[in-house]
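Descriptive structure summary
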Amino acid sequence: MAQTIHKFMGPAELMLDHAKRIDLIRQYANESEPAVFKAKWLAVLEGCAHWFGSMPLRPTEHAEPGGAMRATVEAAYFAMRLSGAQKFGADQPSERRRLLEPQYLYALFLAACCSRLDEPCRHFRFHRDSDGTEWIPAAHGAFGTWLGDGTYKVTRKDEAAPVERMRTALLAREILGAGHLALFDPMVLSDLFGAINPDPRPTGIETLLHKVARQAIETATSFEVKARRAVFSPDTTPAPSASDLAASGTPAPTAPEKSKPAAAPATEATAALTAEAGEVAVAATPTQQSIAPKVPEPTASASPAAALPMDAVRPTSTDKKADPFAEVLAGTSNLMRDFFRALSQDVAAGKAKVTWVDNKLAISKRMIGNYGMASESLLENLRKFNLLYKVVGQDILLVDKVAALIAERPTEWQGT
């Protein structure tokens, strides 16, 4: 089978193709000097363009030439867009938080750019056309440097290779370099290394930086899937000829069934309703639906359930269950309700741990910052709505009705 020859695309060409998308990132970068934006932000994108070249990202997503680079730019844009609703370093003092917030924003950009450097190699094999050598990222470095101005062939793997976080982190060093990493505070740098993770379902405690970077990649993927689904290519299947249309037979109408006696018991009336409703639902043509037998009218001797329409005796799916968080936390902000809802999910999944002190559920102040909320703000709202029992050191003890939303009371504390 003949293979398609793929042509090389240089960084300048790729950056020009995505210039409008990069302008969207520029708005969120908020750099007053163009030279600073070029040195910090554009340099990283140019490194990604040199790394990917014209390779696609996946067989079904961002599959066009240069698709991997487009996916990187879109993920970086969505990361910047999602950052506006977040509060990084929420557990730090206000002065230090103001110092760290710009660093977290830049670290989020780097994490979004570097989290899928290994993604094309999970799905494809890339062979240089001149000598047939396969590109191995760990050995050959950036794809553009290895390929030069030549052409290459792409073959799809039988199965996608597993995600390897360590391999992605090693490849990220080719993009980041010591110059970009030297700009970060040690705490931000630690969160950055943890956020460069291609696994869509990470284990353990997830930092806010990693959470936003992962959501940005998921948003970019969802955007791509919806955009491709909205485009409909012409169908090349030949239409049936006029002779086939003339030779086609007309389906004969079916004779209606005789209705059952109206004085049937309630159970028979209910069964007839169910059976005949099913026949009407599977009718193949409007003609057949129009001649379907009428549903017999139930008599007064039938039970009330048989006299009701099918929708009346069937439980409706639109009934909404009461939200316990909205009831217990009534009057509080959406951010506070979302915090306790997320904490409850993480406790149930084993990602977060809570303790019991003096027969009350206690949450640590240190974990609150991972959910984008400051501990001082949480304490203020808990006191305002009488949801705080007391504070013991670094632990916040909650009243029973809030504790019931987060975790079940241990057996040794029940009944005390």
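Remember, it's a predicted structure, so these values are computed and weren't measured experimentally. (Residues numbered from 1 in each chain as written. Predicted model: local features only at pLDDT ≥ 70, side-chain atom pairs only at ≥ 80, totals over all residues. Heavy atoms only, no water.)

**Describing the state of the cysteines**
In the structure shown here, the tally under the stated rule is 0 disulfides. Cys-48 supplies the cysteine sulfur nearest to Cys-113, a cysteine that is in no disulfide, at a spacing of 4.8 Å. In this structure Cys-113 comes out as buried when scored by relative accessible area, which is 1%. (Disulfide = S-S within 2.5 Å. Buried < 20%, exposed > 50% of the residue type's maximum accessible area, 1.4 Å probe, protein only.)

**Here's the deal with the sheet that holds strand S6 (residues 388-392)**
Two orientations exist for strands paired in a sheet by backbone hydrogen bonds: parallel and antiparallel. Reading across from one edge, S4-S5-S7-S6 is the order of the 4 strands in this open sheet, with antiparallel pairing throughout. A single partner strand is all that each edge strand has here, and the edge strands are strand S4 (355-357) and S6. The sheet shows a mean angle of 35° between the axes of neighbouring strands, direction not considered. With 4 bridges joining them, S6 and strand S7 (residues 395-398) adopt antiparallel strand pairing. Bridging across to S7, Lys-390 finds its partner in Leu-397. Together, strand S5 (360-364), S6 and S7 form the strand contacts of helix H20 (residues 375-384), whose direction differs from that of S6 by roughly 140°. (Pairing = 2+ DSSP bridges. Helix = DSSP H or I, 4+ residues; strand = E, 2+ residues; numbered from the N terminus. Axes fitted to C-alpha atoms, helices over the stretch in contact; angles between N-to-C directions. Contact = heavy atoms within 4.5 Å.)

**Things to note about the packing of aromatic side chains**
All told, the structure shown has 18 aromatic pairs when counted by the stated rule. Centroid distance Tyr-28 to Tyr-77: 6.1 Å. Interplanar angle 65°. Geometry classified as edge-to-face. Separated by 49 residues along the polypeptide, Tyr-28 in helix H2 (residues 19-29) and Tyr-77 in helix H4 (residues 67-83) bring together distant segments of the chain. On the basis of relative accessible area, Tyr-77 is assigned to the buried category, the value being 15%. Here the aromatic rings of Phe-37 and Trp-41 are separated by 6.3 Å at their centres, their planes lie at 15°, and the arrangement is stacked. (Phe/Tyr/Trp six-rings, centres within 6.5 Å; stacked < 30°, edge-to-face > 60°.)

**Notes on the sheet that holds strand S3 (residues 151-156)**
If you trace the 3 strands from one edge of the open sheet to the other, you get S1-S3-S2, paired in antiparallel fashion. The sheet is open, and its two borders are formed by strand S1 (5-7) and strand S2 (124-128), each paired with just one other strand. Taking each pair of neighbouring strands and ignoring which way they run, the sheet shows an average axis angle of 40°. With 5 bridges connecting them, S2 and S3 associate as antiparallel partners. Among the inter-strand pairings, Phe-126 is bridged to a residue of S3, identified as Val-154.

**Description of the side chain of Asp-118**
For Asp-118, the position within the fold is in the loop between helix H5 (94-114) and helix H6 (119-123). Taking the relative accessible area as the measure of exposure, Asp-118 reaches 5% and is therefore buried. The contacts of Asp-118, once residues within four sequence positions are left out, are Arg-167, Thr-168 and Leu-171.

**Concerning the side chain of Glu-224**
Here Glu-224 lies in helix H11 (residues 208-230). Since its relative accessible area comes to 3%, Glu-224 is described here as buried. Looking at Glu-224, its side chain comes within polar contact range of the side chain of Arg-70, at 3.0 Å. Once residues lying within four places of it in the same chain are set aside, the contact partners of Glu-224 are Glu-61, His-62 and Arg-70. (Polar contact = N/O pair within 3.5 Å; in protein donor to acceptor, adjacent residues only side chain to side chain.)

**Looking at the pattern of salt bridges**
In total, this model carries 24 salt bridges according to the counting rule given. For Asp-23, the salt bridge is made with Arg-26, and the minimal N-O distance between the two is 3.7 Å. Here Arg-26 and Asp-23 lie together in helix H2, a separation of 3 residues that amounts to about one turn. On the basis of relative accessible area, Asp-23 is assigned to the partly exposed category, the value being 36%. One salt bridge in this structure joins Arg-70 and Glu-74, with 2.9 Å as the shortest N-O distance. (Salt bridge = Lys/Arg side-chain N within 4 Å of Asp/Glu carboxyl O.)

**Quick look at the environment of Thr-151**
Residue position: Thr-151 is located in strand S3. For Thr-151, a relative accessible area of 25% gives the class partly exposed. Remark: the alpha-carbon pair of Thr-151 and His-127, spanning 24 residues in sequence, is separated by 8.9 Å. Setting aside anything within four residues of it in sequence, one finds Thr-151 in contact with Ile-5, His-6, Lys-7, Arg-128 and Asp-129.

**Focus: the pairing of S3**
Judged from the 3 bridges that link them, S1 and S3 form a sheet pairing that is antiparallel. Following the sheet pairing, Ile-5 is matched in S3 by Lys-153.

**Considerations on the pairing of S5**
In terms of residue burial, S5 counts as a mostly covered element, since 5 of its 5 residues are buried. The two faces of S5 match: Lys-360, Ala-362 and Ser-364 on one face and Leu-361 and Ile-363 on the other face are all buried. Inspection of the sheet shows S4 paired to S5 by 3 bridges, in the antiparallel sense. What sits directly across from Trp-356, in S5, is Leu-361. Hairpin connection from S4 to S5: 2 residues lie between these consecutive antiparallel strands, with Asp-358 at a positive phi of about 55°. Relative to S7, S5 is paired through 3 bridges, and the arrangement is antiparallel. Bridge pairing links Ile-363 to Ile-396 in S7.

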